[in-house]
Amino acid sequence: MVTLLHGTVGSILGLYQCGCIRSIDSRQFTRKVMPSQYALMLWSWGYFAFDLLWCCIYWSDATLMLCHHISALSAITIYMQKVYTGSTFACTLLLLEVTNPLLQMRWFLKQEGYGKTSLCLFIEIVYLTMFLLLRAILGTYAVYHVLRSNYFCWEQKLISISLYVVSLAFMYDITGYILYKYKREVDIGYARFAEFWQATCLTFNEWQPLAETQDFSFEGKGKEVLPS
């Protein structure tokens, strides 16, 4: 419940503070941190500290999650010491946490015995799709521009790289999960596509010799035939 609350609140406030609702430009990354942005940093720092402690106590093999939380805490701590990192943090939090509510809803449905329902399957597919698109495409695009930009200091660039590496590790795990769980569906889809492709090629091969033997010339057609 705590994770769901943080993901939802962080996504909504991050969306607003990042400027995506209004308009976003490079000048936002040079403005001083506002009190609301600093409050969001404190909120997120407290959540990640709490969740890191929970993982250390109850999880024995959550190495990747521990790395994620340690990277997040380090990033927030550095952001809180800077003067112009409010919008940067809000955009980063939005990108990393916007899929978290879907993940938590999927977990709650499975815990309550609704793991095999259409709703749970729909939420899972939306979550997996959004995660891969946001982290792989938008995340790569954002990190690329952060590294090339002069608005960000070397510490912020290092934060971007560390969070991106953690995201790559998550994407690797999720890709393996998709291949494991949906392998049968993927194989069936591939087989149907192969059958369709073979049927299309066969139809084309049968039509081509017939087309070569037909006279499609319109020369002389449509002319008026006069009696001699």
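In this report, the structure presented in the accompanying data block is examined. (Residues numbered from 1 in each chain as written. Predicted model: local features only at pLDDT ≥ 70, side-chain atom pairs only at ≥ 80, totals over all residues. Heavy atoms only, no water.)

Quick look at the overall build of the protein
The number of helices and strands found in the protein is 8 helices and 0 strands. Sequence-ordered secondary structure for the protein, helices as α and strands as β, is α-α-α-α-α-α-α-α. For the protein, buried positions account for 33% of its 228 residues. Taking contacts inside the protein between residues at least 6 apart in sequence as the whole, the part at least 24 apart equals 75%. Carbon and sulfur atoms make up 67% of the accessible area of the protein, which totals about 15500 Å². (Helix = DSSP H or I, 4+ residues; strand = E, 2+ residues; numbered from the N terminus. Buried < 20%, exposed > 50% of the residue type's maximum accessible area, 1.4 Å probe, protein only. Contact = heavy atoms within 4.5 Å. Areas by Shrake-Rupley, 256 points an atom, 1.4 Å probe, with all protein chains shown as cover.)

Quick word on the nonpolar core
Counting 16 residues, the largest nonpolar core has Met41, Phe48, Ile76, Tyr79, Phe89 and Ile159 as the members making the most contacts within it. Within the residue set of this core, elements represented by two or more residues are helix H2 (35-58), helix H3 (63-81), helix H4 (86-97) and helix H7 (154-181). Considering every element that reaches this core, the biggest residue donor is H3, with 6 residues. When near neighbours in sequence (up to four residues on either side) are disregarded, tyrosine 79 contacts Met41, Thr85, Thr88, Phe89, Thr92, Gln156 and Ile159. One finds Leu109, Tyr127, Leu128 and Ile174 within the second-largest nonpolar core, a separate group that totals 12 residues. (Core = buried A, V, L, I, M, F, W, Y, C linked by side-chain atoms within 4.5 Å.)

Digging into the packing of H2 against H3
Viewed as axis vectors pointing N to C, H2 and H3 meet at an angle of 155 degrees, and their least axial separation amounts to 9 Å. Of the possible angle classes, the one that applies to H2 and H3 is roughly antiparallel. Two packed elements cross with a definite hand, and for H2 against H3 that hand is left-handed. Within the contact between the two elements, H2 uses Tyr38, Met41, Leu42, Ser44, Trp45, Phe48, Ala49, Asp51, Leu52, Cys55 and Cys56 and H3 uses Met65, Leu66, His68, His69, Ile70, Ala72, Leu73, Ile76, Thr77, Tyr79 and Met80. For the contact of H2 with H3, the class distribution of residues is 17 nonpolar, 4 polar and 1 charged. (Axes fitted to C-alpha atoms, helices over the stretch in contact; angles between N-to-C directions. Parallel < 35°, antiparallel > 145°, perpendicular 65-115°, else oblique. Left-handed = near helix turned anticlockwise from the far one by under 90°. Nonpolar A, V, L, I, M, F, W, Y, C, P; charged D, E, K, R; others polar.)

Digging into the packing of H2 against H4
Where H2 contacts H4, the axes come no closer than 9 Å and their chain directions differ by 45 degrees. As the angle between them shows, H2 and H4 are arranged oblique. For the element pair H2 and H4, the recorded crossing hand is left-handed. On H4, the residues that touch Gln37, Leu40, Met41, Ser44 and Phe48 of H2 are Gly86, Ser87, Phe89, Leu93 and Glu97.

Details of the packing of aromatic side chains
Considering all chains together, one arrives at 5 aromatic pairs under this definition. Ring geometry for tryptophan 107 and phenylalanine 108: centres 5.2 Å apart, planes at 70 degrees, overall edge-to-face. Given the relative accessible area of 45%, tryptophan 107 is considered partly exposed. The exposure class assigned to phenylalanine 108 is partly exposed, which follows from its relative accessible area of 26%. Consider the rings of tyrosine 127 and phenylalanine 131, whose centres lie 5.8 Å apart with planes at 50 degrees: the pair is tilted. In this pair, tyrosine 127 and phenylalanine 131 are both assigned in helix H6 (residues 118-148), 4 residues apart and thus about one turn of the helix distant. Ring pairing ties together the aromatic residues Tyr127, Phe131 and Phe170, which thus form one cluster. (Phe/Tyr/Trp six-rings, centres within 6.5 Å; stacked < 30°, edge-to-face > 60°.)

Digging into H7
The end-to-end C-alpha distance of H7 is 40 Å, a good match for the 40 Å that 28 residues give at a rise of 1.5 Å each. For H7, the set of buried residues is Gln156, Ile159, Ser160, Leu163, Val166, Ser167, Phe170, Met171 and Ile174. Next to the buried residues of H7 lie H3, H4 and H6. (Expected span 1.5 Å × (residues − 1).)

Take it as geometry only, folks, not as evidence of what the structure does.
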